[in-house]
Amino acid sequence: TRAALRASLMSALCGAAAVWGCARAAATWARHLDEGRHGAIAAVVAGGALLASPLPWEYATHAEVFALNNALVAFGIWCAAALAAHPRDRRPARFAALLVGCCAAHQHASLLTAAPLAAFAVAWLRAGPLFMLELFAVAVAAWAYPTYKLTERSAAATEGSWGDLTTARGVFTHLTRYEYGTFRLGASAAGTAGLRPRVLAYFTWSLDQTGATVLALALVGAGAGALSKNRPARRAARAVSGAWTLYTLLWHGIWSNLPIHEPSMAYEVHARFWMQPHLLVCVMAGAGGAGGDSRT
């Protein structure tokens, strides 16, 4: 149908936007590692790593929520890198607030990456309470409008739609993602694995997506940034690697409440959400590629 075609095209555009966002984030970070000489290399490595990853593009070929999710997260990483370099620039701060609101409205899981990046950015911002209030208002508005439209559309259900947002209970169920267990997490549930097998499963998946070279470059990028004498590079490295660590070890490793055994439907569900830290890895790999080239 025409609606399905439009939705699929939207997913493809979001997939391309995610590649662009990761490339811009890596280039912004790398410019402060080597006085701006290798930003293009960082962009090519980061964008190419995501471009060559099978699963993100699988979700960019048909109507799915994860393509938009990847685009929102990628732009969030870019905003964090931009604010690391220019904490007084209010444009990326406003855009970041808009993205946080969109993440909250679109899919709660994206906040697991967006929120840590936003926390780092707020720590850098040299802004007074009025500007912080403005950012909060932007985020709330970005969340409220699509949520209102979803509630409005729910009153006239169409073929393929599900859920009832015309009642207070229905809205509560939707906002808390009660059916999915978003706020009932914990790997201690029956049938779930512990931290070690979950992290090993994630790294095995990552190797299948991009190979060992990209992971090695990501380690180089995180290390070079953390040890850099340049403050913006250190800030970007700490924000991106910190968000990756929090997501991989805490959200996925400890609090996830699905089995990890492969092959299974639960494993495929995990893989969908591994794309978020994968975006962070691609950006770190871009910075690593630029840092390594600057030493040759």
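Let me begin by describing the structure that accompanies this report. Please read these numbers as outputs of a predicted model, since none were measured by experiment.

## Comments concerning the overall build of the chain
Piece 1. When helices and strands are counted, the chain shows 12 helices and 0 strands.
Piece 2. Mapped in sequence order, the helices and strands of the chain form the string α-α-α-α-α-α-α-α-α-α-α-α.
Piece 3. Across the 296 residues in the chain, those meeting the buried criterion constitute 47%.
Piece 4. Excluding contacts between residues fewer than 6 apart, the proportion of contacts in the chain whose partners are at least 24 apart in sequence is 77%.
Piece 5. Working note: accessible area of the chain is about 14,800 Å², and carbon and sulfur atoms make up 66% of it.

## Structural notes on the nonpolar core
Piece 1. Of all hydrophobic cores here, the largest spans 64 residues; its most connected members are Trp29, Ile77, Trp205, Trp274, Val281 and Met284.
Piece 2. In terms of residue count, helix α12 (residues 265-294) provides more of this core than any other element does, 13 residues in total.
Piece 3. Setting aside chain neighbours within four positions, we find methionine 284 in contact with Trp29, Leu217, Ala218, Gly221, Ala222, Val240, Ser241 and Trp244.

## Focus: the packing of helix α4 (residues 65-85) against helix α5 (residues 90-106)
Piece 1. Remark: α4 packs on α5, axes separated minimally by 9 Å, with the N-to-C direction vectors making an angle of 155°. On the basis of their axis angle, the class for α4 and α5 is roughly antiparallel. As for how α4 packs across α5, the hand of that crossing is left-handed. Across from Val65, Leu68, Asn69, Leu72, Phe75, Gly76, Trp78, Cys79, Ala82 and Leu83 in α4, the residues of α5 making contact are Pro92, Ala93, Phe95, Ala96, Leu99, Cys102, Cys103 and His106.

## Some details on the pattern of salt bridges
Piece 1. Overall, the coordinates contain 3 salt bridges when judged by the stated rule.
Piece 2. Its salt-bridge partner being arginine 91, residue aspartate 89 comes within 3.2 Å of it at the nearest N-O pair.
Piece 3. Taking the relative accessible area as the measure of exposure, aspartate 89 reaches 23% and is therefore partly exposed.
Piece 4. Classification of arginine 91 as exposed rests on a relative accessible area of 63%.
Piece 5. A salt bridge links arginine 94 to glutamate 134; its shortest N-O distance comes to 2.5 Å. In this pair, arginine 94 is assigned in helix α5 and glutamate 134 in helix α7 (residues 129-154), connecting sequence segments 40 residues apart.

## A word on the packing of α5 against α7
Piece 1. For the pair α5 and α7, interaxial distance at closest approach is 7 Å and the crossing angle is 35°. Where α5 crosses over α7, the handedness of that crossing is right-handed. Where α5 approaches α7, its residues Arg90, Ala93, Arg94, Ala97, Leu98, Gly101, Cys102, Ala104 and Ala105 are matched on the opposing element by Phe131, Glu134, Leu135, Val138, Ala139, Ala142, Trp143, Pro146 and Thr147.
Piece 2. Its residues assigned to classes, the contact of α5 with α7 shows 13 nonpolar, 2 polar and 3 charged.

## Focus: a nonpolar patch on the surface
Piece 1. A contiguous nonpolar patch, built from Leu130, Leu133, Phe136, Val140 and Trp143 and spanning about 530 Å² of accessible area, is present on the exposed surface.
Piece 2. Mapping valine 140 onto the fold places it in helix α7.

## Some details on helix α11 (residues 231-252)
Piece 1. The terminal C-alpha atoms of α11, which comprises 22 residues, lie 30 Å apart, in line with the 32 Å expected from a rise of 1.5 Å per residue.
Piece 2. The set of residues buried in α11 consists of Pro232, Ala233, Arg235, Ala236, Ala237, Ala239, Val240, Ala243, Trp244, Tyr247, Thr248 and His252.

## Description of the environment of alanine 123
Piece 1. Note that alanine 123 resides in helix α6 (residues 111-124).
Piece 2. Using a relative accessible area of 63% as the deciding quantity, one classes alanine 123 as exposed.
Piece 3. Sequence separation of alanine 123 and proline 87 is 36 residues, and the distance between their C-alpha atoms is 9.4 Å.

Conventions adopted
Residues numbered from 1 in each chain as written. Predicted model: local features only at pLDDT ≥ 70, side-chain atom pairs only at ≥ 80, totals over all residues. Heavy atoms only, no water. Helix = DSSP H or I, 4+ residues; strand = E, 2+ residues; numbered from the N terminus. Buried < 20%, exposed > 50% of the residue type's maximum accessible area, 1.4 Å probe, protein only. Contact = heavy atoms within 4.5 Å. Areas by Shrake-Rupley, 256 points an atom, 1.4 Å probe, with all protein chains shown as cover. Core = buried A, V, L, I, M, F, W, Y, C linked by side-chain atoms within 4.5 Å. Axes fitted to C-alpha atoms, helices over the stretch in contact; angles between N-to-C directions. Parallel < 35°, antiparallel > 145°, perpendicular 65-115°, else oblique. Left-handed = near helix turned anticlockwise from the far one by under 90°. Salt bridge = Lys/Arg side-chain N within 4 Å of Asp/Glu carboxyl O. Nonpolar A, V, L, I, M, F, W, Y, C, P; charged D, E, K, R; others polar. Patch = residues over 30% accessible without salt bridge, like charges linked within 9 Å, V, L, I, M, F, W, Y side chains within 5 Å. Expected span 1.5 Å × (residues − 1).

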